[in-house]
Amino acid sequence: MKRRIAILTISAMLLSSYMTMQAPASAAASASSSATAIASSAAKAQIVGGVNLRNKPSLSSGKVIGFLKKGSSVSVLDQSNKYYYKVKTTGGQTGYVSKSSKYIKVSGNASQSKPSQGTGASNSLTDKVNLVISTGKKYLGTPYEFGSDRKTTATFDCSDFVRQAYKEALGIVLPSDSRKQGDWIKDQGTAVYNIGSLKAGDLVFFMSYKGSSASAYSGVNKSTEKITHVAIYLGNGQLLHTYSSKSGGVRIDTLSKSWEYRFLFGGSVLK
């Protein structure tokens, strides 16, 4: 009886040892299979315009870790969000690049990462607004120049600045001057005439400066006043804009006092 128990005990020990040895091998095989599946699903792409390679799929928080030259080949591992691809270079470096067609041309279908639960249309709009704002903020301190060259970002006037923020962030090309931008907003049907109705990302339009006190604007018929300035509304009563060399170029101001008196209307670029 004792001998039989001893034999059963030894058999159990040997079986346990065998299963322990097999587990890592199975895990390694599974990992290898997953890696092969990922590699096989990667789409090929070509860089058609020099673009920064970032460590995160974000313009504001993603650190630049490299630069991909025009003509470079990459593998697209997945579409991280609406604006970035996760790519792998021929040298083996992995990072994120803008998915704008002016930077990259994909020859296959890039898989899209599943969004986390709770995202939806409202979050998508919020993401777009945040991208516009973060894009605009990266130009804080850029010098002001009236009639600035629309082909460079070395200087801005007010309408050039808001145009660049939307063009760079979302590929939306607004009219080139503030009055036409105001007409564009009205044509969109999103114009609001109360400061309290403004939302983050809205364009805000102003009349010419007449003084720092409310009395300087009393009796003014705003419906006939011409637009002389435009800004991006950040929310919480703040403006992101540029209006003079003395003010330091692109900056953030509070929508109060003379800015409040000069307010004509605002409206959303995005519906």
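Scroll up a little and you will see the structure.
Computed from a predicted structure; not experimentally measured.

J.: Can you tell me about the pattern of salt bridges, naming the residues and giving the values?
T.: Across all of its chains, the model carries five salt bridges by this definition. Lys 199 is paired through a salt bridge with Asp 202; the nearest N and O atoms lie 3.9 Å apart. With relative accessibility at 47%, the residue Lys 199 sits in the partly exposed group. In this structure, Lys 210 and Glu 225 form a salt bridge, with 3.9 Å as the shortest nitrogen-oxygen distance. On the criterion of sequence distance, the pair formed by Lys 210 in the loop between strand E9 (203–206) and strand E10 (229–235) and Glu 225 in the loop between E9 and E10 is long-range, its members being 15 residues apart.

J.: An account of the side chain of Thr 155 is requested, with residue identities and associated values reported.
T.: One can find Thr 155 in the loop between helix H2 (121–137) and helix H3 (158–170). A polar contact is formed between the side chain of Thr 155 and the side chain of Glu 145, at a distance of 2.6 Å. If we ignore the near neighbours within four places in the chain, the residues touching Thr 155 are Thr 142, Pro 143, Glu 145, Ser 148 and Asp 160.

J.: Kindly report on the nonpolar core, identifying the contributing residues and their values.
T.: Within the largest apolar cluster, 32 residues are counted, with the highest numbers of intra-cluster contacts made by Phe 161, Tyr 166, Leu 203, Phe 205 and Ile 232. For this core, the secondary structure elements donating two or more residues are H2, H3, E9, E10 and strand E13 (263–267). The leading source of residues in this core is H3, at six residues. Not counting chain neighbours up to four residues away, the residues in contact with Leu 203 comprise Val 162, Tyr 166, Leu 174, Ile 185, Val 230, Ala 231, Ile 232, Phe 265, Gly 266, Gly 267 and Val 269. Formed by twelve residues, the second largest nonpolar core is a distinct cluster that contains Ala 45, Val 51, Val 74 and Ile 104.

J.: An account of helix H4 (residues 178–188) is needed here, citing residue identities and associated values.
T.: Taken as a whole, H4 has its buried residues at Ser 178, Gln 181, Gly 182 and Ile 185. Viewed end-on, H4 has its buried residues packed into an arc of 105°, placing them on one side of the element. Counted as exposed and oriented over 90 degrees from the buried face of H4: Lys 180 and Asp 187. Along its buried surface, H4 packs onto H3, strand E8 (191–192), E9, E10 and E13. Capping the start of H4, Asp 177 holds a side-chain oxygen 3.1 Å from the backbone nitrogen of Arg 179, two or three residues further along. Just downstream of H4, Gly 189 is the residue with a positive phi angle, here 80°.

J.: I'd like a rundown of the sheet that holds E8, residues and numbers included.
T.: Within the open sheet, the six strands sit side by side as E8-E13-E9-E10-E11-E12. Their pairing is antiparallel. With one partner strand each, in any of the chains shown, E8 and strand E12 (251–254) form the two edges of the open sheet. In terms of strand pairing, E8 meets E13 through two bridges, oriented antiparallel. Residue pairing in the sheet places Val 192 in a bridge with Gly 266 of E13. Here H3 sits on the sheet in contact with E9, E10 and strand E11 (238–241), set at roughly 45° to E10.

Calculation criteria
- Residues numbered from 1 in each chain as written.
- Predicted model: local features only at pLDDT ≥ 70, side-chain atom pairs only at ≥ 80, totals over all residues.
- Heavy atoms only, no water.
- Salt bridge = Lys/Arg side-chain N within 4 Å of Asp/Glu carboxyl O.
- Buried < 20%, exposed > 50% of the residue type's maximum accessible area, 1.4 Å probe, protein only.
- Helix = DSSP H or I, 4+ residues; strand = E, 2+ residues; numbered from the N terminus.
- Polar contact = N/O pair within 3.5 Å; in protein donor to acceptor, adjacent residues only side chain to side chain.
- Contact = heavy atoms within 4.5 Å.
- Core = buried A, V, L, I, M, F, W, Y, C linked by side-chain atoms within 4.5 Å.
- Arc of directions from axis to C-beta.
- Pairing = 2+ DSSP bridges.
- Axes fitted to C-alpha atoms, helices over the stretch in contact; angles between N-to-C directions.

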